[in-house]
Amino acid sequence: MRIERAKVDNFGKLNQREFRFGPGINVIYGENEGGKSTLHAFFRGMFYGLPRMRGRAARNDAYSRYEPWENPGQYGGRLWLECGGKTFRLNRDFRKDKTAAELVCETDGELLCVEDGDLSVLLGGISEVLYDNTVSVGQLRGITDQNLAQELRNFMAGYENGQDAGLNLDRAREKLRRQRREVLSGIEEERQRREEELKRQEEKIREHQLRMEQLEMEWKSQKKAFSDARNLSKPEKTTVRAKKAGSMAAVLAVWMLLFILGIWQGVPFLGLLLWTVMGAGLLAAFFWVRRREEKLRESELQIQSEQELRRQKIQWKAEELWERMQEEQKLLENLRTEYEQSRREAAAASPEQVEADALELAEQTLVRLGDQMQGKISRRLQERISEIFSELTDGKYRRVSLDETMKLGVHTEERYVPADRLSRGTLEQIYFSLRMAANEVLCAEEPLPLILDEVFAMYDDRRLASCLRWLADCGRQVLICTCQDREERLLKRLGIPYQKVKLVGSSKESLGNL
């Protein structure tokens with residue numbers, strides 16, 4: 001991709017300015033506080049927007065820093081970009097009540113959508129962090145920040161085999177963790193529900209066991225009562241009275257015998273009358289006793305009938321209790337079966353638990369593959385850094401070491417030197433090599449322009465000449481913002497074609513040497 005033209009309506013100290021840029025190296029010259037960093041920030045704002053912070057942070061954010069004091073109604077601008085043989089125009093309005101963006105392909109008239117990611121496609125899908133740490137180097141920002149290390153890890157898994165270089169490992173891992181937390185939360189809720197259900201079933205089983213024990217006690221009591229009722233005998237009083245009645249009958253029989261004998265022997269009339277009265281009394285007593293005996297027998301039969309009825313009632317009650325016990329036993333067995341089934345289901349791995357285990361395995365696999373890919377990309381990155389750094393130092397340093405925390409070190413033919421023991425100029429060269437190598441490895445889809453704002457202040461002429469030669473051969477558009485003439489002087493001496501763009505003067509002078 002190449003920036004063909006930039007028109008700044010109103011952005012910071014730049015107002016109604018237009019700049020044209022050519023392929024290869026462009027030297028953007030301006031004195032201190034002449035607007036170089038403002039133009040640098042303008043490019044970034046056009047590519048990624050200029051959101052406004054809230055609260056106290058809004059006082060020093062980029063939006064407030066570059067918000068124009070005069071004519072704030074024209075806070076924005078336009079960029080013309082060449083990409084894939086087509087020309088695109090990007091319009092942005094940074095005003096807080098507008099924040100509009102428009103992307104148009106002027107070659108075929110197609111209206112694209114920034115919100116849907118069409119601009120991100122033109123930029124090769126690189127994030128703001130990668131942009132700030134690779135192709136865009138701000139003033140006094142030659143050394144990369146720690147965010148580049150994170151971005152490198154994020155892109156390593158997706159880079160191999162032509163996969164999506166925008167894959168974010170940490171975001172993918174966090175998504176898996178979030179999904180697993182949601183599943184585990186559902187599992188915990190289900191576990192608590194199952195525990196409550198098991199407790200409810202246990203309580204119900206205990207209630208029915210208690211009821212079964214009560215029924216069994218009642219049934220045993222009724223069974224004993226039935227056995228006692230069957231062993232009941234006739235009342236003792238009835239037997240004694242029957243014996244008395246038999247004795248009286250025997251006495252009456254003896255009297256009758258004596259009476260007959262008295263008549264037979266000629267007993268006097270008075271004696272006979274007395275015997276007759278006595279006989280009548282005994283006869284009356286005999287009939288009374290017989291009547292009494294009949295009543296006693298009737299009473300005994302009634303008692304026996306009542307006892308039989310009682311035994312039947314006891315038997316019916318016992319049978320009813322037995323049937324209830326059988327029903328209760330079946331219900332209890334069903335409850336126990338249901339309880340055991342619930343316990344087995346609770347102990348068995350649920351589909352949710354299988355899903356949670358699968359998510360955990362996916363996360364572990366992602367980490368393992370990410371580590372493997374990180375090793376591969378790290379080796380590629382180190383090789384490319386070493387190649388670039390060797391070119392910049394004319395072969396003095398052969399190899400650069402880089403660990404996962406972005407800790408750097410260099411190797412000469414004889415020894416290893418940690419980066420913190422190198423001079424500031426050499427350290428700047430190492431980080432420049434890191435930026436360029438990271439850009440080539442991670443942003444290979446669409447080579448973006450390199451925008452360098454006062455990057456070479458710590459370089460001597462020899463280092464700067466080596467860097468300019470490398471930039472001329474890298475095949476990208478390069479925008480070098482500077483307040484000195486060293487870059488232009490060395491470019492002329494090295495015979496490297498370039499285009500000069502001045503920030504001072506009229507708008508027409510800013511168009512550059514085409």
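Read on for a plain summary of the structure. All figures in this text were calculated on a predicted structure; none of them were measured in a lab.

**Brief notes about the packing of aromatic side chains**
Taken as a whole and judged by the stated rule, the model has 15 aromatic pairs. For the pair Phe11 and Tyr66, a centre-to-centre distance of 5.1 Å together with 15° between the ring planes defines the contact as stacked. A residue pair is termed long-range when its members are at least 10 positions apart, and Phe11 in strand β1 (residues 2–11) and Tyr66 in helix α2 (residues 62–66) qualify at 55 residues. What makes Phe11 buried here is its relative accessible area of 0%. Each ring, one from Phe11 and one from Tyr75, has its centre 5.9 Å from the other, and the planes form 40°; the classification is tilted.

**Considering the pattern of salt bridges**
For the structure on display, the rule yields 24 salt bridges. Among the salt bridges present, the one from Asp9 reaches Arg78, with a minimum N-O distance of 3.1 Å. Separated by 69 residues along the polypeptide, Asp9 in strand β1 and Arg78 in strand β4 (residues 76–83) bring together distant segments of the chain. Classification of Asp9 as buried rests on a relative accessible area of 15%. Linking Asp460 and Arg463 is a salt bridge whose minimum nitrogen-to-oxygen distance equals 3.3 Å. Among the residues examined, Arg463 registers a relative accessible area of 14% and is labelled buried. It is possible to trace a salt-bridge network through shared partners that takes in Arg5, Glu18 and Arg20.

**Regarding the packing of helix α11 (residues 461–473) against helix α12 (residues 486–494)**
One way to put it is that α11 packs onto α12 with a least axis distance of 10 Å and a crossing angle of 65°. Of the possible angle classes, the one that applies to α11 and α12 is roughly perpendicular. Once α11 is placed against α12, the crossing between them reads as right-handed. Taken together, the residues of α12 that come into contact with α11 (itself represented by Asp461, Leu464, Ala465, Leu468 and Arg469) are Arg486, Glu487, Arg489, Leu490, Leu491, Arg493 and Leu494. Residue classes in the contact of α11 with α12 are distributed as six nonpolar, no polar and six charged.

**A few points about the pairing of β1**
Counting buried positions along β1 yields seven of 10 residues, so the element is predominantly enclosed. Sheet topology note: the β1/strand β2 (residues 14–20) ladder contains six bridges and is antiparallel. Bridge pairing links Ala6 to Phe19 in β2. Hairpin connection, β1 to β2: the antiparallel pair is bridged by two residues, and Gly12 has positive phi, about 60°.

**What about the sheet that holds strand β13 (residues 478–482)?**
Strand order across the open sheet formed by five strands is β8-β12-β13-β3-β14, with parallel pairing between neighbours. At either end of the open sheet lies a strand with only one pairing partner, and these are β8 (136–137) and β14 (498–502). Pairing geometry for β8 and strand β12 (residues 450–453), over two bridges, is parallel. The residue bridging Val137 from the neighbouring strand is Leu452, located in β12.

**Topic: helix α1 (residues 36–48)**
In this model α1 runs 19 Å from its N-terminal to its C-terminal C-alpha over 13 residues, within 8% of the 18 Å that 1.5 Å per residue would give. Of all 13 residues making up α1, 11 are buried, and the element is well covered by its neighbours. All of the buried residues along α1 are Lys36, Thr38, Leu39, His40, Ala41, Phe42, Phe43, Gly45, Met46, Phe47 and Tyr48. Following α1 by one or two positions, Gly49 has its phi on the positive side, about 85°.

**Things to note about the pairing of strand β5 (residues 86–93)**
Counting buried positions along β5 gives seven out of eight residues, so the element sits mostly inside the fold. With eight bridges joining them, β4 and β5 adopt antiparallel strand pairing. Note that in β5 the partner of Leu81 across the bridge is Phe88. Here β4 folds back onto β5, and the loop between the two strands holds two residues, one of which, Gly84, carries a positive phi near 60°.

**Some words on the environment of Ser342**
Relative to the helices and strands, Ser342 resides in helix α8 (residues 269–347). The exposure class of Ser342 is buried, given its relative accessible area of 14%. As for Ser342 and Glu195, which are separated by 147 residues in sequence, their C-alpha atoms are 9.4 Å apart.

**Section: the sheet that holds β4**
Judged by pairing direction, the sheet is antiparallel, and its six strands sit side by side in the order β2-β1-β4-β5-β6-β7 without closing on themselves. Edge strands, defined here as strands with exactly one partner in the open sheet, are β2 and β7 (110–112). Across the sheet, the mean angle separating the axes of adjacent strands is 15° when strand polarity is ignored. One ladder, built from seven bridges, connects β1 with β4; its direction is antiparallel. Across the sheet, Arg2 pairs through a bridge with Glu82, a residue of β4. Seen against the sheet, α1 touches β1, β2, β4 and β5 and runs at an angle of roughly 75° to β4.

**Comments concerning unusual backbone geometry**
One non-glycine residue with positive phi stands out, namely Gln16, at about 50°. On the secondary structure map, Gln16 appears in strand β2. Judged by relative accessible area, which is 39%, Gln16 ranks as partly exposed. In this model, Glu454 sits at a positive phi of 50°, which is unusual for a non-glycine residue. If you trace the backbone, Glu454 turns up in the loop between β12 and α11.

Rules used throughout
Residues numbered from 1 in each chain as written. Predicted model: local features only at pLDDT ≥ 70, side-chain atom pairs only at ≥ 80, totals over all residues. Heavy atoms only, no water. Phe/Tyr/Trp six-rings, centres within 6.5 Å; stacked < 30°, edge-to-face > 60°. Helix = DSSP H or I, 4+ residues; strand = E, 2+ residues; numbered from the N terminus. Buried < 20%, exposed > 50% of the residue type's maximum accessible area, 1.4 Å probe, protein only. Salt bridge = Lys/Arg side-chain N within 4 Å of Asp/Glu carboxyl O. Axes fitted to C-alpha atoms, helices over the stretch in contact; angles between N-to-C directions. Parallel < 35°, antiparallel > 145°, perpendicular 65-115°, else oblique. Left-handed = near helix turned anticlockwise from the far one by under 90°. Contact = heavy atoms within 4.5 Å. Nonpolar A, V, L, I, M, F, W, Y, C, P; charged D, E, K, R; others polar. Pairing = 2+ DSSP bridges. Expected span 1.5 Å × (residues − 1).

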